[in-house]
Amino acid sequence: MTVVVLGSVNRDVVCEVSRLPSPGETVLASGTRTNLGGKGSNQAVAAAKAGALVEFVARIGEDPDPSLRKSLCEYGVGIEAVREVPGARTGTAYITVAAGENQIVVDPGANFHWETEAELDASVAAELIATAGVVVAQLEVPVRVVAWAAGRARRFILNAAPARELPTDLLHRCDPLIVNESELATFTGTAVTSPRDAFDQARLLCARGVPAVVATLGAAGSVWVRRAGATVIGGYQPAPEIRSADSTGAGDAYVGALATALAESDDLPAGVAFATAAAALAVQSPGTHAAYPTRDRITAALATLPPAARLD
Ligand code: RIB
């Protein structure tokens, strides 16, 4: 079944430093590189490499890097619904990486230039979304466009990154809502300091009407919760111990792999295990698209995962 990813494309300008600067501080970089990124394109490539048939819905500038379309196609991502916006520039992300951690500032550019709802309804994207097994979006594009896609998807997954306030009816369509610790705290107003906290807060969101929630906790793994009739069930998948070379886009590797798994089978704990293995492999190499693992590597890495546990 097809996975449609609706989301951003950025040129990532990545600076490597020995430590992240404090506010007001200047640090010298040991090197700079530029690569293709954006949460949308990252998730599309991650899903394609994980084995899904992927169509990407995105907006790029009039200045597209000639390698942009070619690179997405080479990874097997369908680009029929990737459109150029006259007068706009492709989004740019300024990323600082130090010792496996990162800081990111995004100038969205074309990612924030979309047509009206009526125009979107008449576009090729509308048909792709309506027929996809799974539709995935993030929040580097306008919420109204995300809500438009959610309203037309058979199964909708939202990676609420970067976090912002969302309409209740959109939250009620997220199956699952995927958030990291800080994004989860934005929705619940409470800091997350342990998998147990994440579980309790995810359960709170389910009680408020979100069908399912997955909370990613970096090296600590991830927690899933979903409604099952009148009750809520959940579990914890620890991550394997690995040395992280670059965590940039690791969350996107996770989301792309989880979407792939859920397009194949409605088994959330199995999907979370598959996504955990994918993200653990992704952080071991620098960058995003090139660092994402193929399906064979993810499947082999499943054997290295610590056992999962049910939580209640
Ligand atoms: O999630 C990582 C991505 O966030 C980067 O590729 C950057 O473009 C920003 O969108």
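Rules used throughout
- Residues numbered from 1 in each chain as written.
- Predicted model: local features only at pLDDT ≥ 70, side-chain atom pairs only at ≥ 80, totals over all residues.
- Heavy atoms only, no water.
- Near = heavy atom within 4 Å.
- Polar contact = N/O pair within 3.5 Å; in protein donor to acceptor, adjacent residues only side chain to side chain.
- Areas by Shrake-Rupley, 256 points an atom, 1.4 Å probe, with all protein chains shown as cover.
- Helix = DSSP H or I, 4+ residues; strand = E, 2+ residues; numbered from the N terminus.
- Nonpolar A, V, L, I, M, F, W, Y, C, P; charged D, E, K, R; others polar.
- Axes fitted to C-alpha atoms, helices over the stretch in contact; angles between N-to-C directions.
- Parallel < 35°, antiparallel > 145°, perpendicular 65-115°, else oblique.
- Left-handed = near helix turned anticlockwise from the far one by under 90°.
- Contact = heavy atoms within 4.5 Å.
- Pairing = 2+ DSSP bridges.
- Salt bridge = Lys/Arg side-chain N within 4 Å of Asp/Glu carboxyl O.
- Buried < 20%, exposed > 50% of the residue type's maximum accessible area, 1.4 Å probe, protein only.
- Core = buried A, V, L, I, M, F, W, Y, C linked by side-chain atoms within 4.5 Å.

Caption draft 1: Spatial organisation of the site of the ligand. Taken together, 13 residues lie around the ligand, and Asp-12, Gly-38, Lys-39, Glu-140 and Asp-252 are the ones closest in. Between the ligand and the protein, one listed contact pairs an oxygen atom with a backbone N or O atom of Gly-38 at 2.8 Å. In the model, an oxygen atom of the ligand is placed 2.9 Å from a nitrogen or oxygen of the Lys-39 side chain. Within the complex, the protein chains bury 97% of what would otherwise be the 280 Å² of accessible surface of the ligand. For the shell around the ligand, the secondary structure elements donating two or more residues are β2 (10–16), α1 (39–49), β6 (91–98) and β7 (101–107). Here the residues of the shell around the ligand are counted per class, giving 4 nonpolar, 5 polar and 4 charged.

Caption draft 2: Main features of the packing of helix α7 (residues 181–188) against helix α8 (residues 195–207). Across the interface, α7 lies against α8 with an axial gap of 10 Å and an inter-helix angle of 45 degrees. In this view, α7 runs oblique relative to α8, as classed from their interaxial angle. Crossing handedness for the pair α7 and α8: left-handed. Residues Leu-184, Ala-185, Phe-187 and Thr-188 of α7 touch α8, and the partners they reach there are Ala-198, Gln-201, Ala-202, Leu-204 and Leu-205.

Caption draft 3: Up close: the sheet that holds β6. Reading across from one edge, β3-β2-β6-β7 is the order of the 4 strands in this open sheet, with mixed pairing throughout. The sheet terminates laterally at β3 (31–37) and β7, the two strands that pair on one side only. Averaged over all pairs of adjacent strands, the angle between strand axes in this sheet comes to 20 degrees, irrespective of strand direction. Here β2 runs beside β3; their pairing, made up of 7 bridges, is antiparallel. Each residue of the ladder has a partner; that of Asn-10, found in β3, is Gly-37.

Caption draft 4: Quick look at the pattern of salt bridges. For the coordinates displayed, the defined rule picks out 14 salt bridges. Where Arg-69 meets Glu-84, a salt bridge forms, and the shortest distance between an N and an O atom there is 3.3 Å. Linking Arg-69 in helix α2 (residues 66–74) with Glu-84 in strand β5 (residues 77–84), this pair joins segments that are 15 residues apart in sequence. A residue is classified by how much of its surface remains accessible, and Arg-69, at 28% relative accessible area, is partly exposed. The salt bridge partner of Arg-295 is Glu-264, with a shortest N-O separation of 2.9 Å. In this pair, Arg-295 sits in helix α11 (residues 295–301) while Glu-264 sits in helix α9 (residues 250–264), placing the two residues 31 residues apart along the sequence. Since its relative accessible area comes to 49%, Glu-264 is described here as partly exposed. Connected via shared salt-bridge partners are Glu-16, Arg-33 and Asp-246.

Caption draft 5: Looking closely at the nonpolar core. Ranked by size, the top nonpolar core spans 50 residues in total, and within it Val-54, Phe-56, Leu-72, Val-77, Val-214, Leu-258 and Leu-268 carry the most contacts. Take this core: its biggest share by element is 10 residues, from helix α10 (residues 268–282). By size, the runner-up hydrophobic cluster in this structure holds 47 residues, among which are Trp-114, Val-135, Phe-156 and Val-223.

Caption draft 6: The sheet that holds strand β13 (residues 231–237), seen in detail. Read from one edge of the open sheet, 10 strands run β5-β4-β1-β8-β9-β10-β11-β12-β13-β14, paired in mixed fashion. Looking along the sheet, the strands with just one partner apiece sit at the ends: β5 and β14 (309–311). Ignoring which end each strand starts from, the neighbouring axes of this sheet average 20 degrees apart. In this sheet, β5 lies alongside strand β4 (residues 53–60) in parallel orientation, the contact comprising 6 bridges. Residue Ala-58 lies in a different strand from β5, and its bridge partner there is Val-82. Along the sheet, α8 makes contact with β10 (174–180), β11 (212–216), β12 (222–228), β13 and β14, crossing β12 at roughly 30 degrees. This element, α10, spans β10, β11, β12 and β13 of the sheet and lies at about 160 degrees to β12.

Caption draft 7: Just unusual backbone geometry, in detail. Between Ala-161 and Pro-162 the backbone carries a cis peptide bond, its omega angle lying at -5 degrees. The topology assignment puts Pro-162 in the loop between β9 (156–159) and α6 (168–171). Of note, the bond from Asp-175 into Pro-176 is cis; its omega dihedral lies within 30 degrees of zero at 10 degrees. Inspection of the secondary structure puts Pro-176 in strand β10.

Caption draft 8: Looking closely at the environment of Ile-104. Among the secondary structure elements, Ile-104 is positioned in strand β7. Since its relative accessible area comes to 39%, Ile-104 is described here as partly exposed. Distance in space between the C-alpha atoms of Ile-104 and Ser-182 is 14 Å, their sequence separation being 78 residues. Ile-104 has contacts with Ala-93, Tyr-94, Ile-95 and Thr-248, leaving out every residue within four places of it along the chain.

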